[in-house]
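Spelled out from the first residue to the last, the chains are:
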Amino acid sequence: MVQGEAMPRLVVREPGGVATSVQVGDEVLIGRDAGMQIALGDAKVSRHHATISRDGDGWVIVDAESRHGTFVNGERVSRRPLCDGDRLQIGATVLRFEQAEDSAAIALHLTETEQVRPDERLQVFYQLAEATAAIDDADAALRRALAAIVAVLGCDRGVIALGATPQTLRRAAEVSARDLVIGRIVVDAVLTRGEAVLLGPLEAGTTLDRQGVRSAMAAPLRLRDRTLGLVYVDDRGRTDRFGQDDLALLVAVARLAGVIVDVSARYERVVAMVEVAQHDRVAPELIGKSDAIRRVRRELERFAATDLPIHLTGESGVGKELVARAIHAVSPRRQAAFVAVNCAAMPDTLLESELFGHVRGAFTGADKARRGKLALADRGTLFLDEVADLSPAAQAKLLRVLEDGEVVPVGSETATRVELRVVSASHKDLARAVADGRFRQDLYYRLAGAEIAIPALRERGDDVIELAEVFLARIRQQRSAPSRLSREAIAAMAAYPWPGNVRELRHAIERACAIAVGDAIEPGDLALRPPVDPSGAGRAAPGGTLATQYAALDATERRLVEQAMAAAGGNVSEAARLLGITRIMMKRRIDRFSGGSGDGD
């Protein structure tokens, strides 16, 4: 076998993922951006987080001024020479720096081996046929299939991992493979090039040889032109465990496993859509099968049964209020009221009256008594959105209510007892606000008996497409709309970062339904905006000067207004909803473009 220069490697272990090894060349860029050699899907990883590069005869890691830091052997570093065995941590990902194999260390080696009887091989397909009965649990079906293939081949270990790229791989099934590390070159060959590989005997010092592996095979899980993951098996006893017939069997099993994964995913989407159609109160933000949203559903179910106050965190647009409504809907308080208050939407004077209520004559304009939100939520759930924006005075008054359970309306001296559960939310870091002195620590403890972090849409993988199909199905129940998403639209949505999260996705589908001309939604119908580049502010795009681009906006806006009005049958309020703007904004645009009154509803 041709020998190459021995190069270092990084063994990369992302939480819940498949450990892979990556060869270190002259320079390796690490970060969250897709253009990095090692791209990590972790919100605590900066777009460009760190760089590993040559430094004389060795290698050095340099932190790229990341927000959350780069750690070597538990110590935060800005620049550090690397030694064999060093443990690096970036976000939640652990990387080990050590000697690596070169690319020539992988060879296709076909040898004669003892034959398994045909009837024994057929047992694999019998098991696969029975596994399809577990259509509602793809991982269980894959565990059964993997156990069958390992048993028939007589090998030691096996793993089935799902994901289209090395960064998105997750273990769905394994046999004695908890500590398995698959070489990145193998993963790239299987996932990127769609190749089935047969390895053995293995050169000393390679990733697999270090684990005592003597022979191994891997094949892609494919469905038509899509790669869904890989299946891998190995043996630590014999270099000739596998032959060409074994590889062909593994390829066949991998293809059938791909079908199981696809059918199971379709089944889950259908079940979700039926559930949404039958129970419109189900928040679509909670629909999905990503690990992130499954965690939210588990925590929701666990905490909802208690009376703990719950604090929801997450970016704007992730659906915190709808999650709060879901908590209320499955809690023992569901027969009482759910009352929502946006703490950032009103000044202190109005907020106090909104929360506590007032008596007649309490202030100018108080011509009649009014119950506050706290009283209305008695025995139910009070949802405080953007609670971090409460003023110090409002924080003190709210704390008093939560401690004493008594509400005194503005202008009154009589207290009313209330008993309620508080669910709060903020897109800001409440713990940081406490540390900075902007939020009361005692109130924080009263609000955050339990915390649920709502993931951003970009962290939820294929949930984007599932949610888009749910929104499309809901729209079709109300009016005529396209029946499906085109393949190109699906690819565009999967690649888009969704800075506005689920709210932006819903509006994008609503707009697309309003302007699409065919039976399928195309990428152009989605009108996805390119991410804003702060460094590019003030620069004209290649399409022309800023003035010419601004002039072109008028024609585009006119076209969208006309299409929205046509889709809404002339109803101004409905057209405004389709475009994600207010009725007043819509009416102004109609008046500007047509000179009409815009009184369409």
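Rules used in this analysis
Residues numbered from 1 in each chain as written. Predicted model: local features only at pLDDT ≥ 70, side-chain atom pairs only at ≥ 80, totals over all residues. Heavy atoms only, no water. Helix = DSSP H or I, 4+ residues; strand = E, 2+ residues; numbered from the N terminus. Buried < 20%, exposed > 50% of the residue type's maximum accessible area, 1.4 Å probe, protein only. Contact = heavy atoms within 4.5 Å. Areas by Shrake-Rupley, 256 points an atom, 1.4 Å probe, with all protein chains shown as cover. Phe/Tyr/Trp six-rings, centres within 6.5 Å; stacked < 30°, edge-to-face > 60°. Lys NZ or Arg CZ within 6 Å of the ring centre and 35° of its normal. Salt bridge = Lys/Arg side-chain N within 4 Å of Asp/Glu carboxyl O. Polar contact = N/O pair within 3.5 Å; in protein donor to acceptor, adjacent residues only side chain to side chain. Axes fitted to C-alpha atoms, helices over the stretch in contact; angles between N-to-C directions. Parallel < 35°, antiparallel > 145°, perpendicular 65-115°, else oblique. Nonpolar A, V, L, I, M, F, W, Y, C, P; charged D, E, K, R; others polar. Pairing = 2+ DSSP bridges. Expected span 1.5 Å × (residues − 1). Arc of directions from axis to C-beta. Left-handed = near helix turned anticlockwise from the far one by under 90°.

Side note on the overall build of the protein chain
In step 1: Looking only at helices and strands, the protein chain features 19 helices and 28 strands.
In step 2: In the protein chain, which comprises 601 residues, the proportion classed as buried is 46%.
In step 3: Excluding contacts between residues fewer than 6 apart, the proportion of contacts in the protein chain whose partners are at least 24 apart in sequence is 62%.
In step 4: Carbon together with sulfur atoms contributes 51% to the accessible area of the protein chain, which is approximately 29,300 Å² in total.

Digging into unusual backbone geometry
As a rule of thumb, non-glycine residues mostly have phi less than zero, and peptide bonds are mostly trans rather than cis.
In step 1: In this model, glutamate 65 sits at a positive phi of 55°, which is unusual for a non-glycine residue.
In step 2: Mapped onto the secondary structure, glutamate 65 falls in the loop between strand S6 (58–63) and strand S7 (70–72).
In step 3: For arginine 379, which is not a glycine, the phi torsion comes out positive at approximately 70°.
In step 4: You can see arginine 379 is positioned in the loop between helix H9 (373–376) and strand S22 (381–385).

Overview of the packing of aromatic side chains
In step 1: If you walk through the whole model with that rule in mind, you get three aromatic pairs.
In step 2: When the ring of phenylalanine 338 is compared with that of phenylalanine 383, the centres are 6.2 Å apart and the planes differ by 20°; the resulting orientation is stacked. A residue pair is termed long-range when its members are at least 10 positions apart, and phenylalanine 338 in strand S19 (residues 338–342) and phenylalanine 383 in strand S22 qualify at 45 residues.
In step 3: When its relative accessible area of 16% is taken as the criterion, phenylalanine 338 is described as buried.
In step 4: For phenylalanine 383, a relative accessible area of 0% translates into the label buried.
In step 5: Ring geometry for tyrosine 444 and tyrosine 445: centres 5.7 Å apart, planes at 50°, overall tilted.
In step 6: If you follow arginine 302 out to its NZ or CZ, it ends over the ring of phenylalanine 303, 4.9 Å from the centre.

Regarding the pattern of salt bridges
In step 1: Across all of its chains, the model carries 21 salt bridges by this definition.
In step 2: One salt bridge in this structure joins glutamate 419 and arginine 333, with 2.3 Å as the shortest N-O distance. Of the two residues, glutamate 419 is situated in the loop between strand S24 (416–417) and strand S25 (421–426) and arginine 333 in the loop between helix H7 (320–329) and S19; the sequence distance between them amounts to 86 residues.
In step 3: Glutamate 419 gets classed as partly exposed once you look at its relative accessible area, which sits at 37%.
In step 4: In this structure, arginine 438 and aspartate 436 form a salt bridge, with 3.3 Å as the shortest nitrogen-oxygen distance.

Focus: the environment of arginine 54
In step 1: With respect to the element layout, arginine 54 can be found in strand S5 (residues 50–55).
In step 2: Using a relative accessible area of 33% as the deciding quantity, one classes arginine 54 as partly exposed.
In step 3: A polar atom in the side chain of arginine 54 sits 2.5 Å from the side chain of aspartate 26.

A few points about the packing of helix H15 (residues 501–515) against helix H18 (residues 572–579)
In step 1: One can describe the packing of H15 onto H18 by two numbers: an axis separation of 7 Å at closest approach and a directional angle of 125°. One element, H15, and the other, H18, form an angle in the oblique class. On H18, the residues that touch His507, Glu510, Arg511 and Ala514 of H15 are Arg577, Leu578 and Leu579.
In step 2: Of the residues assigned to the contact of H15 with H18, the class counts are three nonpolar, one polar and three charged.

Structural notes on the sheet that holds S22
In step 1: Read across the sheet, five strands follow the order S19-S22-S25-S18-S26 without closing on themselves; strand pairing throughout is parallel. Because the sheet does not close on itself, it has two edges, and the strands there are S19 and strand S26 (450–453). In this sheet, neighbouring strand axes are inclined to one another by 20° on average, regardless of whether the strands run parallel or antiparallel.

Focus: helix H6 (residues 291–304)
In step 1: The terminal C-alpha atoms of H6 lie 20 Å apart, and with 14 residues this matches the ideal 20 Å at 1.5 Å per residue to within 8%.
In step 2: Those residues of H6 that sit buried are Ala292, Ile293, Val296, Glu299, Leu300, Phe303 and Ala304. End-on, the buried residues of H6 take up no more than an arc of 120°, which puts them together on one face. In H6, those exposed residues whose orientation departs by more than 90 degrees from the buried face are Arg298 and Glu301.
In step 3: Against strand S18 (310–313), H7, S25, S26 and helix H13 (463–478) lie the buried residues of H6.

Focus on the sheet that holds strand S12 (residues 157–162)
In step 1: Pairing within the open sheet is antiparallel, and its five strands lie in the order S13-S12-S17-S16-S15. The sheet is open, and its two edges are formed by strand S13 (170–175) and strand S15 (197–199), each paired on a single side. With strand direction ignored, the average angle separating the axes of adjacent strands in the sheet is 15°.
In step 2: Two strands pair when backbone bridges link them, and S12 and strand S17 (residues 226–235) are joined in this way by six bridges, in the antiparallel orientation. The residue of S17 that forms the bridge with valine 159 is tyrosine 232.

Quick word on H15
In step 1: Its 15 residues place the ends of H15 21 Å apart at the C-alpha level, agreeing with the 21 Å of an ideal helix rising 1.5 Å per residue.
In step 2: Of all 15 residues that make up H15, twelve are buried, and the element is covered over most of its length.
In step 3: Taken residue by residue, H15 has Asn501, Val502, Glu504, Leu505, Ala508, Ile509, Glu510, Arg511, Ala512, Cys513, Ala514 and Ile515 as its buried positions.

Quick look at the side chain of serine 331
In step 1: With respect to the element layout, serine 331 can be found in the loop between H7 and S19.
In step 2: Among the polar contacts listed, one links the side chain of serine 331 to the backbone oxygen of histidine 328, at a separation of 2.9 Å.
In step 3: Residue contacts for serine 331: discarding those within four places in its chain leaves Ala304 and Arg421.

What about the packing of H13 against H15?
In step 1: Two elements in contact, H13 and H15, have axes separated by 10 Å at closest approach and are oriented at 45°. Here H13 lies oblique to H15, going by the angle between them. H13 and H15 meet at a crossing whose hand is right-handed. Facing Val464, Leu467, Ala468, Phe471, Leu472 and Ile475 of H13, the residues of H15 in contact are Val502, Leu505, Arg506, Ile509, Glu510 and Cys513.
In step 2: For the contact of H13 with H15, the per-class residue count stands at ten nonpolar, no polar and two charged.

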